[in-house]
Amino acid sequence: MAKADFKLPDEFLTKLSRLGKDTDAVAEKVLEAGGKVVLARVRSNLATVIGSGTKYDSRSTGELAQSLGLSPVKLNRGGNHDIKIGFSEPRSDGGSNAKLANVLEYGKHGQPAKPFLKPAKSASKAECIRVMEQTLKEEIEKL
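The present account deals with the structure reproduced in this document. (Residues numbered from 1 in each chain as written. Predicted model: local features only at pLDDT ≥ 70, side-chain atom pairs only at ≥ 80, totals over all residues. Heavy atoms only, no water.)

## Thoughts on the overall build of the protein
For step 1, the next point in the chain: Counting its secondary structure elements, the protein contains four helices and four strands.
For step 2, the next point in the chain: Taken from N to C terminus, the helices and strands of the protein fall in the order α-α-β-β-β-β-α-α.
For step 3, the next point in the chain: When contacts within the protein are restricted to residue pairs at least 6 apart in sequence, long-range pairs at least 24 apart make up 58% of them.
For step 4, the next point in the chain: Carbon together with sulfur atoms contributes 55% to the accessible area of the protein, which is approximately 10,500 Å² in total. (Helix = DSSP H or I, 4+ residues; strand = E, 2+ residues; numbered from the N terminus. Contact = heavy atoms within 4.5 Å. Areas by Shrake-Rupley, 256 points an atom, 1.4 Å probe, with all protein chains shown as cover.)

Spelled out as structure tokens, the structure:
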């Protein structure tokens, strides 16, 4: 079996060791920065599809758009940090924002699909990664 040794610069090793105790805080900041990028795209797409291309006048109250938000960063079962974009529940009329979003995204009998989540995910991926990398660099430089 082959063996390889890598020698890292002392400055980099020092930053890595300092990051060790601040890893959770840095991960949260990085995920929040990326989440905000995707959230902005989802909001924009949602505003575009609500009430567009309907046979009848829109009955939108704006409640779906207002309920869209970013969850706090949490640790999942695997020990990884997660952040989610979703809709708060319940609606003032007792209905479900998630159900309305699902109908918009995938359609239903007599109502064509108006995807806003999947296009937002693919359109914001590169920008999200760029912002997360930039935020990580900034946080490491602070150490």
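Next comes the rest of the description.
## Looking at the nonpolar core
For step 1, the next point in the chain: Within the largest apolar cluster, 16 residues are counted, with the highest numbers of intra-cluster contacts made by Val42, Leu46, Leu64, Leu68, Phe87, Leu104 and Phe116.
For step 2, the next point in the chain: Of all elements in the fold, only α1 (10-49), α3 (97-106) and α4 (117-142) reach the threshold of two or more residues within this core.
For step 3, the next point in the chain: Among the elements that take part in this core, α1 stands out by supplying seven residues, more than any other.
For step 4, the next point in the chain: Here Phe87 is in contact with Leu46, Leu64, Ser67, Leu68, Asn97, Ala101 and Phe116, once residues within four sequence places are set aside. (Core = buried A, V, L, I, M, F, W, Y, C linked by side-chain atoms within 4.5 Å. Buried < 20%, exposed > 50% of the residue type's maximum accessible area, 1.4 Å probe, protein only.)

## Considerations on unusual backbone geometry
For step 1, the next point in the chain: Looking along the chain, the bond that leaves Glu89 and enters Pro90 is cis, with omega of -15°.
For step 2, the next point in the chain: Note on placement: Pro90 falls in the loop between β4 (85-87) and α3.

## Some thoughts on α3
For step 1, the next point in the chain: Where α3 is concerned, the buried positions are Asn97, Ala101, Val103, Leu104 and Glu105.
For step 2, the next point in the chain: The opening residue of α3 is Ser96, an N-cap whose side-chain oxygen sits 3.3 Å from the backbone nitrogen of Ala98.
For step 3, the next point in the chain: One or two steps after α3, the chain reaches Gly107, where phi turns positive at roughly 80°. (Polar contact = N/O pair within 3.5 Å; in protein donor to acceptor, adjacent residues only side chain to side chain.)

## Section: the packing of aromatic side chains
For step 1, the next point in the chain: Evaluation of the coordinates by the stated rule reveals one aromatic pair.
For step 2, the next point in the chain: Relative to Phe116, the ring of Phe87 has its centre 6.4 Å away and its plane inclined at 75°; by these criteria the two rings are edge-to-face. Here Phe116 lies in the loop between α3 and α4 and Phe87 lies in strand β4, a separation of 29 residues in the sequence. Across the pair, exposure class does not vary: Phe87 and Phe116 are buried alike. (Phe/Tyr/Trp six-rings, centres within 6.5 Å; stacked < 30°, edge-to-face > 60°.)

## A look at the environment of Glu28
For step 1, the next point in the chain: One can find Glu28 in helix α1.
For step 2, the next point in the chain: Accessibility expressed as a relative area gives 32% for Glu28, which makes it partly exposed.
For step 3, the next point in the chain: Measuring from C-alpha to C-alpha, the distance between Glu28 and Asp82 comes to 8.7 Å, with 54 residues separating the pair along the chain.
For step 4, the next point in the chain: Not counting residues within four places of it along the chain, the set of residues in contact with Glu28 comprises Val73 and His81.

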